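Read off the chains here:
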Amino acid sequence: MLYGHVITHSYQENTCTLVIPHPHAREKPSHSPTAAEAAAKGAPAEAEAAGAETGRGVVVALAQEGAGCAEALHVDRIRNCDIFVDSHDLYFYADVKLYKFHSRRTFDLRELKTLLIKFNPEDNHYQLCLRCLPPATAATTQDSSSGGGASSSIGDAPKPKTVRKEYIATFLRLPTLADALYQPKKESLVQECKLKRITDQCQLQLEGNERIYKLTNHFGYGYASKYSGPPDISDVDKSTCRVLEPHRLSPIQRLQDRIVDEMKRFSRDQYKMNFVELQVPSGHQNPLRFKPKIFETSMTQEQAHLLHNLSREALQKQQKDEERGDDDSPLERLRQKEIDCGLISIVLAICYDVRTTNNDPTCESAWTRSILCPLFCYYEQFDNYRDVVVAFLRRAITYPLFRNFELGRQCVRDAIEVLKGGRNWLINQLLLTHQQFASGEPCRESYNTYYLEDYISYVTNANVCSDEHLHLLARNVKNVLMDVTKKHLNLGVTEIETELIQELMQEIRLTAGESPSLQQGGGGDDEMDMDNDTSGQEDETTTDDDSVITDSFESMDMDMRLIENEAVYAANDDNDDDEDDDDDDDEDDDDEEGGADDDNEDSASSTTTSSEAEGNSVIEQCSNSETAASNSISTTSTK
């Protein structure tokens, strides 16, 4: 609950006095006093004495707005309070209304053992006094907590020359210098889970009476908080309800329980996985790409029969509600705000299930629609739209399969479209949810009894819930969605995302740094291998003298072979020329064919001769090389 009614307060030395009006102070219109009412002015003392004997059911006469009108208030209603306090914040829940106070000075809770609360029947308000730490002590505490050694001037008294300004500021009801010094720079978010409950340490005393009362806990729950007493919850329902005795817990206590449970169940690793990319199973559509068709609806025969029965019961309840009183009273407006906030919470849970299942309900749809709606699990009461959206987004990234902040915001946009023009679609989904809660395992019939049946009757009644009213709700939710950010979830989501991005960047750097190092490392190894091979070759070349000498002699042998071959070919050519000349002189008259035959025979003989010469030369070369090798070996051995 981020918003609460203002508490009148004043500071006197180290004491803060708070004046809290009772929510039923102006429940009835004022009227002139009658004789009977004037005679009832002496009744408070007698009523107090009667209450001392019975301890319950004391009726006190109260004067209202200075007109002296008498009004009966039950003592139990006055005692029905729940109080939470922190170093700078006070939450006071009086019967049906929440009051919040943020102190500019630090409360002294070290010696707080008993807190006396006085109730003034004439002015119809509570009055309590809380001790505060001295300004110098508070400043020193803040400096020590922040780690700074410099002294603070917050607790210093204003200078004498500012007395006239203080007087003028008081006369004109402007903030004084002391208030400006204590004024915080920015409105801080109150962490409700850290508030300390001091209801058991408080005592109530009626002015003019010495009797001391203890505070009681009898709070309403369900649709418009109209249910009281122990809820009719079966053993099967107890397995799904987080709050088994809602009438014993104030809405603040239920809020605290929900926040603590969400902080315990929130998984940083699961959120990181869904932040980068939704873990969508194969064969399923991405929920972020789904477009719900809110204008296409169809109602089964069973749903139509259920709607008929609920509508008939709603007519009887509407007649009783019309007899209740003025619709423009503050309590009635508060009741209507609670109903609208509850409807938005239910619609948000339905939109999430429709989007994640592609409008094809599964066996887990009943669990999803109940776990995402704090009304069902904690009987929570909302008094503003911002708390509804924040609570839904917190649970959307804590419990279901797809835990993504943007997916939650998309579901809020779907709810806005439904409120704009999807009344028939909404009625159909409410009836479907009623069937899922009644037939599912485990059974959630208590959710239907205390919430869904009333909300179905409320939405189907166009006189009570008109289209203009739904459009107004859609516009309010849209404005809230523009202001709500991740920091309002108070789960450290921004820090988790920053940490994840840093981890991904670090992995990218490591991956990019390993690939060049591997390439450089591989090239260095190859170069080392080549160096090793070259060094090995150099060692072999420099140490093996026999191989060097052998190579030199082999090159000399090749040169000698070429010289000998040239000489042999030259000798063979000379012999062929001489033989040709002799043949020409002896046989001049032979014909061309005989000449051709002679030429062929001459070429064959020359080829045979040359081949024989080559063979001889090769044999000689081999013998010469063997001789040279043996000579070189002997020379080396001699050296």
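Residues numbered from 1 in each chain as written. Predicted model: local features only at pLDDT ≥ 70, side-chain atom pairs only at ≥ 80, totals over all residues. Heavy atoms only, no water.

(A) Highlighting the overall build of the chain. The secondary structure content of the chain amounts to 21 helices and 12 strands. The 639 residues of the chain split such that 39% are buried. In the chain, the proportion of contacts linking residues at least 24 apart, taken out of those at least 6 apart, comes to 73%. Summed over its atoms, the accessible surface of the chain is roughly 36,800 Å², and 51% of this surface lies on carbon and sulfur atoms. (Helix = DSSP H or I, 4+ residues; strand = E, 2+ residues; numbered from the N terminus. Buried < 20%, exposed > 50% of the residue type's maximum accessible area, 1.4 Å probe, protein only. Contact = heavy atoms within 4.5 Å. Areas by Shrake-Rupley, 256 points an atom, 1.4 Å probe, with all protein chains shown as cover.)

(B) View of unusual backbone geometry. Backbone geometry places Glu13, a non-glycine residue, at a positive phi of 55 degrees. With relative accessibility at 71%, the residue Glu13 sits in the exposed group. Of note, Asn124 is a non-glycine position whose phi angle comes to about 60 degrees, a positive value. Among the structural elements, Asn124 can be located in the loop between strand 8 (115–120) and strand 9 (125–131). Note on Asn124: relative accessible area 5%, which makes it buried.

(C) Looking closely at the side chain of Arg403. Within the fold, Arg403 resides in the loop between helix 14 (385–396) and helix 15 (405–421). At 9.8 Å, Asp269 is the nearest oppositely charged side chain to Arg403, a buried residue that forms no salt bridge. Within the structure, the side chain of Arg403 is placed 3.3 Å from the backbone oxygen of Thr398, a separation counted as a polar contact. Looking at Arg403, its side chain comes within polar contact range of the main-chain oxygen of Tyr399, at 3.4 Å. Apart from the residues lying within four places of it in its own chain, the contact partners of Arg403 are Ser267, Gln270, Tyr271, Asn274, Ala396, Ile397 and Thr398. (Lys, Arg positive; Asp, Glu negative; His and termini not counted. Salt bridge = Lys/Arg side-chain N within 4 Å of Asp/Glu carboxyl O. Polar contact = N/O pair within 3.5 Å; in protein donor to acceptor, adjacent residues only side chain to side chain.)

(D) Structural view of a nonpolar patch on the surface. Where nonpolar side chains cluster on the molecular surface, the patch consists of Ile501, Met505 and Ile508 and spans about 280 Å² of accessible area. Its location among the elements puts Ile501 in helix 19 (residues 493–543). On the basis of relative accessibility, which here comes to 46%, the residue Ile501 falls in the partly exposed class. (Patch = residues over 30% accessible without salt bridge, like charges linked within 9 Å, V, L, I, M, F, W, Y side chains within 5 Å.)

(E) Inspection of the sheet that holds strand 12 (residues 212–214) at higher detail. With mixed pairing, the six strands of this open sheet are ordered in space as 1-2-9-8-11-12. The strands lining the two open edges of the sheet, one partner per strand, are strand 1 (8–12) and strand 12. Taking the axes of each pair of neighbouring strands and ignoring which way they run, one obtains an average angle of 25 degrees across the sheet. In this sheet, strand 9 lies alongside strand 2 (residues 15–21) in antiparallel orientation, the contact comprising seven bridges. Directly across from Leu18, in strand 9, lies its bridge partner Leu128. (Pairing = 2+ DSSP bridges. Axes fitted to C-alpha atoms, helices over the stretch in contact; angles between N-to-C directions.)

(F) Geometry of the pattern of salt bridges. Under the criterion given, the structure shown has 20 salt bridges. Here Glu332 and Arg335 are joined by a salt bridge, their closest N and O atoms 3.0 Å apart. Highlighted residues: Glu332 and Arg335, both in helix 11 (residues 330–356), separated by three residues, approximately one helical turn. With relative accessibility at 11%, the residue Glu332 sits in the buried group. Judged by relative accessible area, which is 17%, Arg335 ranks as buried. Between Arg413 and Glu406 there is a salt bridge, with its nearest N and O atoms 3.4 Å apart. We classify Arg413 as partly exposed; its relative accessible area is 29%. Judged by its relative accessible area of 38%, Glu406 is partly exposed.

(G) Inspection of the confidence of the model for the chain at higher detail. Averaged over all residues, the pLDDT of the chain equals 74, while 60% of them reach at least 70. By mean pLDDT, strand 3 (residues 59–61) is the weakest element of the chain at 37, and helix 14 is the strongest at 96. When the criterion is pLDDT under 50, residues 27–72 qualifies, and its contacts beyond four places in sequence or with other chains add up to 63 contacts. Of the regions scoring below 50 in pLDDT, residues 176–186 engages in 15 contacts with residues more than four places distant in sequence or in other chains. (pLDDT = per-residue confidence, 0-100.)

(H) Structural context of the state of the cysteines. For the structure shown, the criterion picks out zero disulfides. Counting only cysteine sulfurs, Cys81 is the nearest neighbor of Cys202, a cysteine outside any disulfide, at a range of 9.0 Å. The thiol of Cys411 is not disulfide-bonded; the next cysteine sulfur, from Cys351, is found 6.9 Å away. (Disulfide = S-S within 2.5 Å.)

(I) Here's a closer look at helix 18 (residues 467–483). With 17 residues, helix 18 should reach 24 Å at 1.5 Å per residue; the first-to-last C-alpha distance of 25 Å fits that figure. Turning to helix 18, its buried residues are His469, Leu470, Leu473, Ala474, Val477, Val480 and Leu481. One side of helix 18 carries all its buried residues, which in axial view fall inside an arc of 140 degrees. Of the residues in helix 18, the exposed ones pointing more than 90 degrees away from the buried face are Glu468, Met482 and Asp483. Check the buried side of helix 18 and you find it contacts helix 11, helix 14, helix 15, helix 16 (423–439) and helix 17 (445–460). (Expected span 1.5 Å × (residues − 1). Arc of directions from axis to C-beta.)

(J) Highlighting the nonpolar core. If you look at the biggest cluster of nonpolar residues, it comprises 81 residues, and the most contacted ones within it are Leu343, Phe392, Val412 and Tyr455. When residues in this core are grouped by element, the largest group, 12 residues, is from helix 11. With residues near it in sequence (within four places) discarded, Leu343 still touches Leu426, Tyr455, Tyr458, Val459, Leu470 and Leu473. By size, the runner-up hydrophobic cluster in this structure holds 29 residues, among which are Ile78, Tyr99, Leu204 and Leu215. (Core = buried A, V, L, I, M, F, W, Y, C linked by side-chain atoms within 4.5 Å.)

(K) Here's a closer look at helix 8 (residues 251–265). Relative to the 21 Å expected for 15 residues at 1.5 Å per residue, helix 8 spans 21 Å between its end C-alpha atoms, a close match to the ideal helical length. Pro251, Ile252, Gln253, Arg254, Leu255, Gln256, Arg258, Ile259 and Glu262 are the residues of helix 8 that are buried. For helix 8, the secondary structure elements touched by its buried residues are strand 5 (81–85), strand 6 (89–94), strand 7 (97–102), strand 10 (196–197), helix 13 (374–378) and helix 14.

(L) Fine view of the sheet that holds strand 7. Across the sheet, which stays open at both edges, the four strands sit in the order 7-6-5-10 with antiparallel pairing between neighbours. Of all the strands in the sheet, just strand 7 and strand 10 have a single pairing partner and so form its edges. Two strands pair when backbone bridges link them, and strand 5 and strand 6 are joined in this way by five bridges, in the antiparallel orientation. Counterpart to Cys81 in the pairing with strand 6 is Ala94. In this fold helix 8 packs onto strand 5, strand 6, strand 7 and strand 10, with an angle of close to 45 degrees to the strand it touches most, strand 5.

(M) Up close: the packing of helix 16 against helix 17. For the pair helix 16 and helix 17, the least separation of the axes is 10 Å and the interaxial angle reads 165 degrees. Comparing their axes, helix 17 and helix 16 come out roughly antiparallel. The interaxial crossing formed by helix 16 with helix 17 has left-handed handedness. On helix 17, the residues touching Arg423, Leu426, Ile427, Leu430, Leu431, Thr433, His434, Phe437 and Ala438 of helix 16 are Glu445, Tyr447, Asn448, Leu452, Glu453, Tyr455, Ile456, Val459 and Thr460. Looking at the contact of helix 16 with helix 17, its residues break down into 11 nonpolar, four polar and three charged. (Parallel < 35°, antiparallel > 145°, perpendicular 65-115°, else oblique. Left-handed = near helix turned anticlockwise from the far one by under 90°. Nonpolar A, V, L, I, M, F, W, Y, C, P; charged D, E, K, R; others polar.)

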